[in-house]
Amino acid sequence: MLRRGAVVAALGSLLLATPPVWADDVRGGQQAVIETLDLAKAWRTTRGAGVLVAVLDSGVDRRHRDLAGSVRVGKDFTVGANPRGVTPRRLHGTYMASLIAGHGHGPEGKRGIIGVAPEAHVLSVRVILEDEEPGFREFNSAERFEDVVARGIRYAVDEGADVINMSISKELATRQERAAIRYAISKGVVLVAAAGNHGDNKIDGDFAPYSYPAAFPGVVSVGATDRRLRRAAFSNRNSSVLVSAPGVDIMGAGPGGQYWVGRGTSQATALVSGVAALIKAKYPDMSPPLVARALSTGATDRPPGGYDTATGFGVVNATRALAEAGKLAGHTETATGAEVHDPAKPLAGGDAGPVRVITRDQRQVTLYSAIAAAAGAGALLSLAVIFVLVRRVRRAQSSQEA
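Take the overall build of the protein next. Along the backbone of the protein there are eleven helices and 14 strands. Classification of the 402 residues of the protein by burial places 48% in the buried group. Summed over all atoms, the accessible surface of the protein reaches about 20,200 Å², with 53% contributed by carbon and sulfur.

This is the structure in C-alpha cells:
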C-alpha cells in the first residue's frame, strides 16, 4: 500500500513528439508561452545569468543538447529504491529543467527548447522516481524515504541554490519539510512548488485538496491555466494558490534528445521558477517574500476582485514582475538587529523584557486622555444621580410607614 504522503510528480498526461528537424518544430510550439510571459521584452533586462536553480525532481539529463553545459548533477536521495544497475529515466526532471533554463541549440541557439531563464544554471537533485521505474512502489512505501524532500531542500540551499523548483506534490506534510522550508527562506532562497493536479477531486464545496510543499507558508504555490488563460480543469483550486502560469500543451525537452508536449501544474511551476530566476539575476539580494510579491503584483489576467482560489493573483508576466521587483529593490521584509525575535522560540519567554515605546504621538495621547477623563466624570455623575434617587426612595418609604 502506498503512503498517502507519497511524493509524486505534479504532471498530467504526456504526448511524445518527434524530435525536430527545423527550428519552428519546437520553438514555434513555444511561442504562445513566450508571448504570455512577455519573455522577449524581459530578456532585454536579464536572461538569468549567475543564478542557480535547484530542480528537485527525478533527475536531469545533462547531455541533452538544449541543456548541455548548464546542468550540475547533485545528490540522488532515492538511492536504494531501484534495483542495482537500473538507469534512472530522468524524464520529468529534464522536462522541467528545460522549461527553466533550456538554451536551445544550433546557430544562435534558435533550435530546440528555450527556457524562461536561458542563461541560468540548474542543480539536479533527485528526490522522486518516475512512475515506470521498478523501484517506484518501494520508494513511496519505505519509511527511509519519508523525508527526501526536506533533505533535498537543505542540500540545495547548502549548494548555493537561489531558487528551488519543486514540480512535485504530496498529500501530507512533515515537520522536517516545514523546518527545511524555513531554513531555505532564512537563507534567501525562493521556493516554488506545484499546487497539484487534483482539481477535479473537489472537497468542501468548490475547493481541491491542499498539496505539499506548495501549501507551506512562504512557498510560491503555482496553479495552471489553459490556452484561454483560465484555470485548467485539473489544477487544484484552494487558498494556497498564489499565481498561475500556462500548463496545457507545453513543449519541453526529454532525455535522449527527445521533445515532449504535456500538461500539468508541474510545467506551470517550472515557468514561474524561471521568472523567479530572472528576478534573482537582476536583484540577487531580494528576499523571498519580496520576490513573491513581485510575481503576484506583476501578474496579468487578474481575476475579479484581484484574487481568487483558481488562479491566485493572476498569470505571471516576466516583464511586469521585473518592473515590480525594481520598485521593491532596496527594501526588505526581514527584520534585523539584536532585538529581533527568534522564530524558533516562543513569543513570550523568561527573558522577555518590557515593551519599549519607539514613538509617542502626544496629540493622540492628549485626545484619548481627555476622552477617558470625560468617561470617568460621566461615570461618577451617574453614580451620584443613582445615590440621590436611592435616598429619595428611602425617605418616601419612611414617611409612608410613619
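On we go from here.
In this fold, S266 is placed in helix α8 (residues 265-282). Only 3.0 Å separates the side chain of S266 from the side chain of H92, close enough to count as a polar contact.

If you check helix α7 (residues 175-186), its first and last C-alpha atoms are 17 Å apart, about what twelve residues at 1.5 Å a residue would give, namely 16 Å. Within the span of α7, buried status applies to E177, A180, I181 and A184. End-on view of α7: buried residues confined to an arc of 100 degrees, all on one side of the axis. Across α7 from its buried face, at more than 90 degrees, point the exposed residues R175 and S186. At its buried positions, α7 is contacted by α6 (148-158) and β10 (190-194). Looking one or two residues past α7, G188 carries a phi angle of roughly 85 degrees, positive in sign.

This part takes up a nonpolar patch on the surface. A cluster of nonpolar side chains, namely L380, L383, I386 and V390, defines an oily patch on the protein surface of about 390 Å² accessible area. With respect to the helices, strands and loops of the structure, L380 is situated in helix α11 (residues 362-401).

Tallied over the entire structure, the rule returns eleven salt bridges. With a shortest N-O distance of 3.4 Å, D76 and R126 are connected by a salt bridge. Taken together, the residues span a long stretch of sequence, with D76 in strand β4 (residues 71-76) and R126 in strand β7 (residues 121-126) at a distance of 50 residues. Assessed through its relative accessible area of 28%, D76 is described here as partly exposed. A residue is classified by how much of its surface remains accessible, and R126, at 5% relative accessible area, is buried. Of the charged contacts, one joins R126 and E133 as a salt bridge, the two residues approaching to 2.9 Å between their closest N and O atoms. Neither R126 nor E133 differs from the other in exposure class; each is buried.

Right, let's talk about the environment of P255 for a bit. Assignment of secondary structure puts P255 in the loop between β13 (250-254) and β14 (258-262). C-alpha separation for the pair P255 and H92, spaced 163 residues apart in sequence, amounts to 9.0 Å. Non-local contacts of P255, meaning those with residues more than four positions away in its chain, are made with D61, R89, R90, L91 and T94.

Below, the discussion takes up the nonpolar core. When a protein is soluble and globular, its nonpolar side chains tend to lie buried together. V220, V272, V275, I279 and L295 are the most contacted members of the largest nonpolar core, which totals 59 residues. With nine residues, α8 is the single largest residue contributor to this core. Excluding residues within four positions of it along the chain, L295 makes contact with V220, V243, V272, V275, A276, I279, V316 and A321.

This brings us to the sheet that holds strand β3 (residues 52-57). The strand order across the open sheet formed by seven strands is β4-β7-β3-β8-β10-β11-β12, and the pairing between neighbours is parallel. The open sheet terminates on both sides in strands that have one partner only, identified here as β4 and β12 (243-246). Each adjacent strand pair in this sheet contributes to an overall mean axis angle of 25 degrees, direction not counted. Pairing geometry for strand β8 (residues 163-166) and β10, over four bridges, is parallel. The partner of V163 across the bridge, within β10, is V190.

Taken together, the buried positions of α6 are V148, V149, A150, G152, I153, A156 and V157. Backbone geometry just downstream of α6 places G160 in the positive-phi region, at approximately 95 degrees.

Bringing the pairing of β13 into the picture now. A large share of β13 lies buried, amounting to five of its five residues. Where β13 lies against β14, five bridges are found, and the strand directions are antiparallel. Counted as the bridge partner of G252 is W260 from β14. Where β13 folds back on β14, the antiparallel hairpin that results is connected by three residues, among which G256 adopts a positive phi of roughly 75 degrees.

The next point concerns the side chain of T78. When you line up the elements, T78 lands in the loop between β4 and α4 (91-101). Judged by its relative accessible area of 3%, T78 is buried. At a separation of 2.6 Å, a polar atom in the side chain of T78 contacts the side chain of D76. Side-chain polar atoms of T78 contact the side chain of R126, separated by 3.1 Å.

Of note, Y259 is situated in strand β14. For Y259 and G112, which are 147 residues apart along the polypeptide, the C-alpha to C-alpha distance reads 8.4 Å. A distance of 3.4 Å separates the side chain of Y259 from the side chain of R65, its partner in a polar contact. Within polar-contact distance, the side chain of Y259 engages the side chain of D66 at 2.7 Å.

The description of an aromatic ring pair rests on the distance of the ring centres and on the angle between the ring planes. Going through the model one piece at a time under the given rule, you end up with four aromatic pairs. Relative to Y155, the ring of F77 lies with its centre 5.9 Å away and its plane at 75 degrees, an arrangement referred to as edge-to-face. A residue pair is termed long-range when its members are at least 10 positions apart, and F77 in the loop between β4 and α4 and Y155 in helix α6 qualify at 78 residues. Residues F139 and F145 carry aromatic rings whose centres are separated by 5.2 Å and whose planes lie at 45 degrees to one another, so their mutual orientation is tilted. Per residue, the accessibility class of F139 equals that of F145, and both read buried. The ring of Y183 has R154 sitting right over it, with the charged end atom 5.0 Å from the ring centre.

Cut-offs and rules
Residues numbered from 1 in each chain as written. Predicted model: local features only at pLDDT ≥ 70, side-chain atom pairs only at ≥ 80, totals over all residues. Heavy atoms only, no water. Helix = DSSP H or I, 4+ residues; strand = E, 2+ residues; numbered from the N terminus. Buried < 20%, exposed > 50% of the residue type's maximum accessible area, 1.4 Å probe, protein only. Areas by Shrake-Rupley, 256 points an atom, 1.4 Å probe, with all protein chains shown as cover. Polar contact = N/O pair within 3.5 Å; in protein donor to acceptor, adjacent residues only side chain to side chain. Expected span 1.5 Å × (residues − 1). Arc of directions from axis to C-beta. Contact = heavy atoms within 4.5 Å. Patch = residues over 30% accessible without salt bridge, like charges linked within 9 Å, V, L, I, M, F, W, Y side chains within 5 Å. Salt bridge = Lys/Arg side-chain N within 4 Å of Asp/Glu carboxyl O. Core = buried A, V, L, I, M, F, W, Y, C linked by side-chain atoms within 4.5 Å. Pairing = 2+ DSSP bridges. Axes fitted to C-alpha atoms, helices over the stretch in contact; angles between N-to-C directions. Phe/Tyr/Trp six-rings, centres within 6.5 Å; stacked < 30°, edge-to-face > 60°. Lys NZ or Arg CZ within 6 Å of the ring centre and 35° of its normal.

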